[in-house]
Amino acid sequence: MIDTHSHILPELDDGSENIEQSMDFIVQAMKQGVKVMFATPHCCDGVYDCTKKEILTAWQFLCEAVDREGLDIQILPGAEIRVNHDLVTRYDAGDLLTLGETSRFLLLELPPMFIMNAFLRMVRQLTERGITPIIAHAERNPMIIARPELAADLISTGAELQITAGSLKGDFGRAPRKTAKTLVQNNQVFCLGSDIHPGRKYRMKAARKFLNKAGSRVQTEKIVRENPEKILKECVDQFILDDQVFMIG
Ligand SMILES: [Fe+2]
């Protein structure tokens, strides 16, 4: 599996508090069958505004620790970028880190309330630049919970949706669980993320099991592996999944 959303970089945001906790999260992920994790600290959210340089420095530090321990997992850099009015301007200025640094996928976090038309305009502006926005934990956004039909407009405009593994198990309450199920039933989920933070359970394995029960294995594989591989293919020379080595280019 590929975890497309995690807060495992130490001492950057409200995620991992130190390198030991980072390694603990990574070991949990490995035990659950995760082979690749995108480390996506908060950016531009009014509290945390990790710069590209800070993220890449912390990522290198973590990768060195993973190598030292000889852990069989690939960690890639990224960011969870809060949508603000200046999103596109900041992208154009080169301030925003895409998933894996070189992919064309940008992980975005919507504020609880937003103006749909204004955001759709941003999605269009980003897609014109070749970027595919991925909406982080779409099922936890109050406006999408109230109107799940917004998901179709976001997707038809060029965005993709990510859900949090724990939402499928009710970790964030009934409404996000219900919305996550609706998005899965409607085949609107592009990928899954643990969104692991201190105090939360790592739920990728449980979520995969839930998806297999709720829908088809084909859809599950798309969500946990095949779609995230599209991101991977844009940011690494080779990757290993299910003990197979895939060379890129
Ligand atoms: Fe997050």
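This is a predicted model, so every value here is computed, not measured.

(A) Structural context of the overall build of the chain. A tally of regular secondary structure across the chain gives nine helices and 11 strands. Whereas a compact globule of 249 residues would reach a radius of gyration of roughly 18 Å, the chain reaches 17 Å, a difference of no more than 12%. Its C-alpha atoms give the chain principal-axis dimensions of roughly 50 × 45 × 40 Å. Evaluated residue by residue, the chain yields a buried proportion of 44% over its 249 residues. Within the chain, contacts between residues separated by at least 24 positions form 74% of all contacts whose residues are at least 6 apart in sequence.

(B) Region of interest: helix 2 (residues 52-69). Taking 1.5 Å per residue as the helical rise, helix 2 with its 18 residues ought to reach 26 Å, and the 26 Å between its terminal C-alpha atoms agrees with that figure. Of the positions making up helix 2, those classed as buried are I55, A58, W59 and L62. Buried residues along helix 2 cover an arc of 105 degrees about the axis, so they all sit on one side. For helix 2, the exposed residues lying more than 90 degrees away from the buried face are K53, Q60, E64, D67 and R68. For helix 2, the elements touching its buried residues are helix 1 (19-31), strand 2 (36-39) and strand 4 (74-77). Count one or two residues on from helix 2 and you reach G70, which has phi positive near 65 degrees.

(C) Quick look at the sheet that holds strand 5 (residues 80-82). On the basis of which strands lie adjacent, the open sheet formed by six strands has the order 3-5-6-7-8-9 and parallel pairing. Each edge of the open sheet carries a strand with a single partner, namely strand 3 (42-43) and strand 9 (191-193). Where strand 6 (residues 105-109) lies against strand 7 (residues 132-135), four bridges are found, and the strand directions are parallel. The residue of strand 7 that forms the bridge with L107 is I134.

(D) Structural detail: the sheet that holds strand 2. Reading across the sheet, the three strands line up as 1-2-4 and stay open at both edges, with parallel pairing between neighbours. Every other strand in the sheet has two partners, leaving strand 1 (2-3) and strand 4 as the edge strands with one partner each. Alignment of strand 1 against strand 2, held across two bridges, turns out to be parallel. When the bridges of strand 2 are listed, I2 appears paired with V36.

(E) Layout of the nonpolar core. Among the nonpolar cores identified, the biggest contains 68 residues, and M37, L106, I134, I135 and L161 are the most heavily contacted of them. The contacts of M37, once residues within four sequence positions are left out, are D3, S6, I8, I26, A29, I73 and I75.

(F) Layout of the pairing of strand 8 (residues 160-164). Of all five residues in strand 8, five are buried; the element is thus mostly enclosed. Side chains E160, Q162 and T164 of strand 8 all project onto a buried face; the interleaved residues L161 and I163 project onto the opposite face, where all are buried too. In terms of strand pairing, strand 7 meets strand 8 through two bridges, oriented parallel. Residue I134 lies in a different strand from strand 8, and its bridge partner there is E160. In terms of strand pairing, strand 8 meets strand 9 through three bridges, oriented parallel. Residue I163 lies in a different strand from strand 9, and its bridge partner there is L192.

(G) The packing of helix 4 (residues 116-128) against helix 6 (residues 150-157), seen in detail. Where helix 4 contacts helix 6, the two axes come as close as 9 Å, and the packing angle between them is 25 degrees. Relative to helix 6, the element helix 4 lies roughly parallel. The two elements helix 4 and helix 6 meet at a crossing, and its hand is right-handed. On helix 6, the residues touching M116, L120, V123 and R124 of helix 4 are L150, D153, L154 and T157. Across the contact of helix 4 with helix 6, the residue classes tally to five nonpolar, one polar and two charged.

(H) Expanded view of the packing of helix 1 against helix 2. Between helix 1 and helix 2, the least distance of the axes is 11 Å, while the angle of their chain directions is 60 degrees. The chirality of how helix 1 crosses helix 2 is right-handed. Between helix 1 and helix 2, the contacting residues are I19, S22, M23 and I26 on the first element and L62, A65, V66 and E69 on the second. Classifying every residue of the contact of helix 1 with helix 2 by side-chain character gives six nonpolar, one polar and one charged.

Rules used in this analysis
Residues numbered from 1 in each chain as written. Predicted model: local features only at pLDDT ≥ 70, side-chain atom pairs only at ≥ 80, totals over all residues. Helix = DSSP H or I, 4+ residues; strand = E, 2+ residues; numbered from the N terminus. Rg over C-alpha atoms; globule rule 2.2 N^0.38 Å. Buried ≥ 20, exposed ≤ 12 C-beta atoms within 10 Å, placed from the backbone. Contact = placed C-beta atoms within 7 Å. Expected span 1.5 Å × (residues − 1). Arc of directions from axis to C-beta. Pairing = 2+ DSSP bridges. Core = buried A, V, L, I, M, F, W, Y, C linked by C-beta atoms within 7 Å. Axes fitted to C-alpha atoms, helices over the stretch in contact; angles between N-to-C directions. Parallel < 35°, antiparallel > 145°, perpendicular 65-115°, else oblique. Left-handed = near helix turned anticlockwise from the far one by under 90°. Nonpolar A, V, L, I, M, F, W, Y, C, P; charged D, E, K, R; others polar.

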